Amino acid sequence: MSVKKVYVDHSATSPVDPLVLEAMLPYFSDRFGNPSALYSQGRDAHEGVEVARAKVADALGAEADEIIFTSGGTESDNLGIIGTALAREQMKGHVITSSIEHLAVLNSCKHLEECGIDVTYLPVNEYGEVGLDVLQDAMRDDTFLVSIGYANQEIGTIQKIGEMAEIAHDNGALLHTDAVQAVGKVPINVKDLDVDLLTLSGHKIYGPKGIGALYVKKGVSIEPMQHGGGHERRLRAGTENVPGIVGLGRAMELGQEWLETDIPRIKGLRDRLISGILGSIENSYLNGHPDRRLPHNAHFRFSFIEGEAILLNLDYYGISASTGSACSSRSLKASHVLLAIGLKHEDAHGSLRFTLGRSNTEEDIDWLLVKVPEIVAKLREISPLGRGADKER
Amino acid sequence: MYSEKVMDHFMNPRNLGELENADGVGEVGNPTCGDLMKIFIKVENDKIIDIKFQTFGCGAAIATSSMVTELAKGKSLDEALEITRDDVATNLEGLPPLKMHCSNLASDALRAAIEDYRKRH
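Position numbers for residues count from 1 along each chain, tracking the sequence in the order it is written. The lettering of chains begins at A and the numbering of ligands begins at 1, in the order of writing. In keeping with the predicted nature of the model, local features appear solely for residues at pLDDT of at least 70, side-chain atom pairs appear and are counted solely at 80 or more, and the whole-chain, interface and lining totals rest on all residues. Think of the side-chain values as coming from all heavy atoms in the structure, minus any hydrogens and water.

Peer 1: I'd like a rundown of the packing of aromatic side chains, residues and numbers included.
Peer 2: Residue and element names in this part refer to chain A. Aromatic rings from Phe, Tyr and Trp, with only the six-membered ring used for Trp, were paired whenever their centres fell within 6.5 Å, and each pair was classed as stacked if the ring planes differed by under 30 degrees, edge-to-face if by over 60, and tilted otherwise. Under the criterion given, the structure shown has five aromatic pairs over all chains. Ring plane angle 85° and centroid distance 5.5 Å describe the contact between Tyr206 and Trp258, whose orientation is recorded as edge-to-face. Placement of Tyr206 in the loop between strand E7 (197–201) and strand E8 (212–216) and of Trp258 in helix H8 (residues 242–280) is noted, with a sequence separation of 52 residues between them. We note that Tyr206, like Trp258, is buried. Seen from their ring centres, Phe300 and Phe302 are 6.0 Å apart, and the 25° between their planes marks the pair as stacked. Through pairs of rings, three or more aromatic residues link up here, namely Phe300, Phe302 and Phe354. Should the NZ of a Lys or the CZ of an Arg lie within 6 Å of a ring centre and within 35 degrees of the ring normal, that charge is described as sitting over the ring. In this structure, Arg358 packs its charged tip against the face of Trp258, placed 3.6 Å from the ring centre. Secondary structure counts use DSSP, requiring at least four H or I residues in a row for a helix and at least two E residues in a row for a strand, with both numbered from the N terminus. The classification of residues rests on relative accessible area computed with a 1.4 Å probe and restricted to protein chains. Under 20% of the type maximum is buried, over 50% is exposed, and intermediate values are partly exposed.

Peer 1: Could you give me a rundown of the environment of Glu232 of chain A, with the residues and numbers involved?
Peer 2: All names here are of chain A. Turning to its location among the elements, Glu232 is positioned in the loop between E8 and H8. Between the C-alpha atoms of Glu232 and His203, which are 29 residues apart in sequence, the distance is 21 Å. Contacts were defined at the residue level, with two residues in contact if any of their heavy atoms lie within 4.5 Å. If near-sequence neighbours (up to four positions away) are discounted, Glu232 is found in contact with Arg53, Ile67, Ile68, Phe69 and Glu240.

Peer 1: Please set out the side chain of Thr70 of chain A residue by residue, giving values where relevant.
Peer 2: All names here are of chain A. Within the element layout of this structure, Thr70 appears in strand E2 (residues 67–70). Using a relative accessible area of 3% as the deciding quantity, one classes Thr70 as buried. Among the polar contacts listed, one links the side chain of Thr70 to the side chain of Ser76, at a separation of 2.8 Å. If near-sequence neighbours (up to four positions away) are discounted, Thr70 is found in contact with Glu75, Ser76, Leu79, Gly210, Ile211, Gly212, Ala213, Leu214 and Arg236. Whenever a nitrogen or oxygen atom comes within 3.5 Å of another N or O atom, the pair is scored as a polar contact, on the condition that within protein one atom can donate a hydrogen and the other can accept it, and that pairs from neighbouring residues in sequence are kept only if both atoms are in side chains.

Peer 1: Can you tell me about the confidence of the model for chain A, naming the residues and giving the values?
Peer 2: Residue-level pLDDT values for chain A average 95, and 98% of them are 70 or greater. Scored below 50 in pLDDT, residues 389–393 of chain A makes ten contacts in the model with residues more than four places away or belonging to other chains. What pLDDT reports is the predictor's confidence in each residue, on a scale of 0 through 100.

Peer 1: Provide a residue-level description of the interface of chain B and chain A, including the pertinent values.
Peer 2: Tallying the contact residues gives 26 residues for chain B and 23 residues for chain A. Here the quantity called buried area is the total loss of accessible area, with a 1.4 Å probe, experienced by two parts when brought into contact, counted for both. Here chain B meets chain A over a buried area of about 1,900 Å², counting both sides, of which 71% is carbon and sulfur. Only one rule defines a salt bridge in this text: a Lys or Arg side-chain nitrogen within 4 Å of an Asp or Glu carboxyl oxygen. Applying the counting rule to chain B against chain A returns one salt bridge. Note that Glu308 of chain A is salt-bridged to Lys99 of chain B, the shortest N-O span being 2.9 Å. Remark: the boundary between chain B and chain A carries six residue pairs in polar contact (both at pLDDT 80 or more). Mapped onto the side of chain B that touches chain A, the elements with two or more residues apiece are helix H1 (4–11), strand E2 (35–44), strand E3 (47–56), helix H2 (59–72) and helix H5 (97–102) of chain B. Among the elements that line the side of chain B that touches chain A, the one with the most residues is E3 of chain B, at four residues. Each residue belonging to the side of chain B that touches chain A can be placed in one class, and the counts come to 17 nonpolar, six polar and three charged. Three residue categories are used. Nonpolar comprises Ala, Val, Leu, Ile, Met, Phe, Trp, Tyr, Cys and Pro, charged comprises Asp, Glu, Lys and Arg, and polar comprises the others, including Gly.

Peer 1: Residues and numbers for the pattern of salt bridges, please.
Peer 2: All names here are of chain A. Inspection of the entire model under this criterion finds 31 salt bridges over all chains. Here Arg358 and Asp262 are joined by a salt bridge, their closest N and O atoms 3.1 Å apart. Of this pair, Arg358 sits in the loop between strand E12 (351–355) and helix H12 (362–382) while Asp262 sits in helix H8, and the two are 96 residues apart along the sequence. For Asp262, a relative accessible area of 12% translates into the label buried. Of the charged contacts in the structure, one is a salt bridge between Arg270 and Asp271, with a shortest N-O distance of 3.0 Å. You can call Arg270 buried: its relative accessible area is 3%. When salt bridges that share partners are traced, they join Asp17, Asp262 and Arg358 into one network.

Peer 1: Explain the state of the cysteines to me, using residue names and the numbers behind them.
Peer 2: The disulfide definition used here is simple: a pair of cysteine sulfur atoms within 2.5 Å. What the rule picks out here adds up to zero disulfides over all chains. Cys109 of chain A forms no disulfide, and the closest cysteine sulfur to it belongs to Cys115 of chain A, at a distance of 11 Å.

Peer 1: With reference to specific residues and values, describe the environment of Gly207 of chain A.
Peer 2: All names here are of chain A. Looking at the element boundaries, Gly207 is found in the loop between E7 and E8. Gly207 sits 183 residues away from Met24 along the chain, and the two C-alpha atoms are 9.7 Å apart. With near-sequence residues (within four places) excluded, Gly207 lies in contact with Ser14, Val16, Val20, Gly202 and Ala251.

Peer 1: Outline the sheet that holds strand E10 (residues 297–302) of chain A, supporting the account with residue identities and numerical values.
Peer 2: Residue and element names in this part refer to chain A. If you trace the three strands from one edge of the open sheet to the other, you get E9-E10-E12, paired in antiparallel fashion. Lying at the two open borders of the sheet, with one neighbouring strand each, are strand E9 (284–286) and E12. Looking at each pair of strands side by side, their axes are set apart by 25° on average, direction ignored. Relative to E10, E9 runs antiparallel, the two sharing three bridges. For Tyr285, the partnering residue across the bridge sits in E10 and is Arg301. To define axes, lines are fitted to C-alpha atoms, for helices over the stretch in contact only, and angles between the resulting N-to-C directions are given on a 0 to 180 degree scale. Running over the sheet, H8 touches E9, E10 and E12 and is turned about 10° from E10. DSSP bridges decide pairing: two strands pair if at least two such bridges lie between them.

Here's what the structure looks like:
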């Protein structure tokens, strides 16, 4: 059976754009040289890397020498957080993060705890926002780093990063933000925000997997975690992933154009999806903030049913989405983000995330607005919950 | 990750619903952990003549519920009591290892329904 495919899981990953692929291809063959080499193939590769670095910097409002290429978001988070701690005289002091961060941030902070650093995991409100007063109150004399994600990977809530950077700086701390989900979706200027460290990743923005970058503001000192031949200003040793870097540069450049052209269209589709779902399905709710959210993210919860069962039904109709349900996670634990915004376990189970992208059309939304209510109704028919007395829940 | 048999029972569950005036009702699991199964049986001459289920849970939870109703229908109560979690999984051509424990509660729900019947009659 051939079914129309509707991919609405762009926060998991995105396809490489043909223009990005086209830019990358020469660097696998003709321009295969080691960028450190003196001869022509090496110079070609070096040029590819440096042009890409300038493109990434340009898209962020940064200087080229503030961009360090890494293997992706996880490595950038590790390097930004642990690298900042390593640059201190002693492994002491205090770091602040939030309870809804990506595991790359949370587990980097846990590692610092094991090394003797205090870490505060800030709570969030029902929308997933870290309060500025909450951050201010948590600051200590020995706080040296605040790491808060620009926008949440699950519910899409956008934080007030500029204000947080100011609070951090007023207290003598640096601010790192994981902007993996936000880059290419909302305009980001590191100078306006005045952040010190920013993580981004290629494969969420129509670039390849296995490539990312860390913005390190001039004057901010971090120590490398990978040692070797002194690449990337000594901060990230290893022969450069030249095709990946070139792809990331092109994706960042295109992303700037798409912010103007595609994002308003995608937001329109997303808004239609949200109002369509909430309007046609009883006991359905939007998770995250109604306005301060990524323009491509729609995150729902449906009472009385479980998310993995929803995903399997969606997949049957060619629709690819994701859930925070424990039943579909490797750990069999409910999403820490959904629990942190105050959802009960049974409500976290019934969550469903759609993240739209450039390929999505009005017809895709039509299809979702037919199939999702059908599937929810079918699973509620199977469920013993939501009948009689507990329908009022 | 799921076998074709699991997907078949998940997409087209057998014996779905509630039995009015059931002779025994069994319920296991809870919504917090993500699985809740309810099994209703109708008994005549010590035989399960009708059986239905309702399940809140993942694909495996729904498929195992459907399968256990198929296995139990028409069996004597003693025979039905011998249906194990492994029997359910085997008849579904296997379950992913992660799901063997958390979502394979259907035979427990069946046993609870039979015990409920015996308590009442």
